[in-house]
Every structure is written in C-alpha cells, then in structure tokens.
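Chain residues, written in single-letter form:
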Amino acid sequence: MTEPTITPMVKSEGVHKYFGRLEVLKGIDLEVMPGEVMCVIGPSGSGKSTFLRCINHLEKLTAGKLWVDGELVGYRQKGDKLHELRDNEVAAKRREIGMVFQRFNLFPHMTVCENVMEAPIQVKGVAKAKARERALALLERVGLADKPKAYPRELSGGQQQRVAIARALAMDPKLMLFDEPTSALDPELVGEVLAVMRQLAEDGMTMVVVTHEMGFAKEVGDSLVFMDGGVVVEQGSPRDVISNPQHERTKAFLGKVL
Ligand code: ADP
Ligand code: MG
C-alpha cells in the first residue's frame, strides 16, 4: 500500500513576479501543509506582501506555479489545457482565503457586528438572523462579545484588528493570510491580537503570517521563512532559524529585530 499523500494548502514552485522591469519575486519555492503556521520575515521591500497577494489572487504571477489546496491559482485545467479564470471564478476562489492587513479597513459606517455579517450576507446569501448569530459567536471568539453594537471609531486599534480577524473568519476560509497584522498597533495592543491568532492556530487553522514578532514566530510558528531581495534565503523550524541562522543576511536581519 502506498502512503496517502496530503495535498499542501499552499505550494509555490518557481514563482516570479515582475512589476514592469523590477523583479520582485525571483523564484519562490515553498509549501504550507494543512494546519501549519508559516511565519515569514524579511526586510521591507523583500517581496513578502507581493507573495501573499499572489496566493490571494491579487497579483498575477509572471512565471512559475502556485497552488492553493491543490488547485492552480489563476487557471482552470480542462484536459491538458489551462484556461485563465474569469473574474467571477477568481472572486469565488478568493472567498476561500481570509486576509488580514496591517490596516484593518473596517467599514466605518457599520457596527462591529454588521462588519462581520456583511460578507456572508452579501456574498454567500446567508440569512440575516443566521449571519448575526454567527457574527456574535465569532466576536466572542476574538474576545469582543461586549462590542457588537460599537462602531469601529469607538474601538482601540487592537480591538479593530480583532474585528477584522472575525470578519475574515466569517467566510469560513480554509487558509488565513496575515500581512504584518500588529505593525500598526501601539505596543500595548499587540499582545491581544497575537493571542487571538495563537488561538486560531491551536484550533488548526492553516496560516501564513508575515510578522516581525519573533516571540510569536518561535512559539506559534511551525516553520519560519526568511525572505530577502525576492528570494527565500533560509527556512526551517523557527527555533533553528532564530538560534542558528545559516546565512549572513539572516543573521544581520535577526540582529535588528530580536
Ligand atoms: P515587503 O512586503 O516585503 O515589504 P513588497 O512585496 O510590498 O515587499 O514589495 C516588494 C517590492 O515590490 C518593493 O520594491 C515595492 O516597491 C515593489 N512593489 C510592490 N507592489 C508594487 C506595484 N503594484 N507596482 C510596482 N512596484 C511594486
Ligand atoms: Mg509588506
């Protein structure tokens, strides 16, 4: 009998991305297995956000292949031919992935609860009462059970970011992407957001997290990737990479963030 093979949640093979003549991703090879938390670190401009945006269908690859849950990003296979996805097909794929940004981008004119209910109602056609029930459960999960009626402007940055996480979870994503989710927060608010992310990881969510919170990477991450200049310089278990970096560039970077 052959071992059952597990399909990676994300598989990147030789991914290149150019913006005009600027080569931003220079051949990224990575795999994220279901349930894995991969943390990505690297200097500003190294291509971290661009890579997340490629996974989430927000950028078109220039070359290489990227799969999410076994399906090629951007294409549909028919026989041995590949067809580019139409806009509505791309939109459907994007719904399977939750993304949380540095800036929370909540709808300012809606309450916290309405922010979380919006996509399930508008995009999935979930009934309002059901969407509300689910939103309240998600708000409880992110520690905001007492805030459904508040407006975003009435919340701290950390609370707003937790609403943004609940809003992403409301679409039942199979993968969550975090792009420096705590970088815009006052230091005293970082912990409450990381605690929610840690709980999500413990519940088995597959996550790719761009972060410079090395404590989080070490304690929650299953793997750590160091990117620089559009390449993966080094990857491994967070403990190994942090305590025993193999490359000068990794050492220099860790020296600045640790
Ligand atoms: P990081 O997230 O690691 O800071 P980014 O992926 O945001 O890096 O950016 C990598 C490089 O790509 C930077 O030089 C940035 O200026 C450039 N870049 C990102 N997005 C665009 C774009 N839409 N058009 C042109 N250049 C871009
Ligand atoms: Mg970035």
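Below or above, wherever it landed, is the structure these notes cover. (Residues numbered from 1 in each chain as written. Chains lettered and ligands numbered in written order. Predicted model: local features only at pLDDT ≥ 70, side-chain atom pairs only at ≥ 80, totals over all residues. Heavy atoms only, no water.)

**Some thoughts on the pattern of salt bridges**
In the structure shown here, the tally under the stated rule is 17 salt bridges. In this structure, lysine 60 engages glutamate 84 in a salt bridge whose closest nitrogen and oxygen atoms are separated by 3.1 Å. You can see lysine 60 sitting in the loop between helix H1 (48-55) and strand E4 (63-68) and its partner glutamate 84 sitting in strand E7 (residues 81-84), a full 24 residues away along the chain. Note on glutamate 84: relative accessible area 46%, which makes it partly exposed. (Salt bridge = Lys/Arg side-chain N within 4 Å of Asp/Glu carboxyl O. Helix = DSSP H or I, 4+ residues; strand = E, 2+ residues; numbered from the N terminus. Buried < 20%, exposed > 50% of the residue type's maximum accessible area, 1.4 Å probe, protein only.)

**Overview of the sheet that holds strand E2 (residues 22-32)**
Spatially, the 4 strands line up as an open sheet ordered E2-E1-E4-E5, and their pairing is antiparallel. Lying at the two open borders of the sheet, with one neighbouring strand each, are E2 and strand E5 (71-72). The pairing of E4 with E5 spans 2 bridges and is antiparallel. Each bridged residue has a counterpart across the sheet, and for valine 68 the counterpart in E5 is glutamate 71. H1 contacts strand E1 (10-19), E2 and E4 of the sheet and is inclined by roughly 60° relative to E2. (Pairing = 2+ DSSP bridges. Contact = heavy atoms within 4.5 Å. Axes fitted to C-alpha atoms, helices over the stretch in contact; angles between N-to-C directions.)

**Remarks on the site of ligand 1**
For ligand 1, the full set of nearby residues is Phe19, Leu22, Val24, Pro43, Ser44, Gly45, Ser46, Gly47, Lys48, Ser49 and Thr50. Within the side chain of lysine 48, an N or O atom sits 2.7 Å from an oxygen atom of ligand 1. Contact distances for ligand 1 include 2.8 Å between an oxygen atom and a side-chain N or O atom of serine 49. With the chains in place, 59% of the 560 Å² that ligand 1 exposes on its own is no longer accessible. No other element matches H1, which puts 3 residues into the shell around ligand 1. For the shell around ligand 1, the class distribution of residues is 4 nonpolar, 6 polar and 1 charged. (Near = heavy atom within 4 Å. Polar contact = N/O pair within 3.5 Å; in protein donor to acceptor, adjacent residues only side chain to side chain. Areas by Shrake-Rupley, 256 points an atom, 1.4 Å probe, with all protein chains shown as cover. Nonpolar A, V, L, I, M, F, W, Y, C, P; charged D, E, K, R; others polar.)

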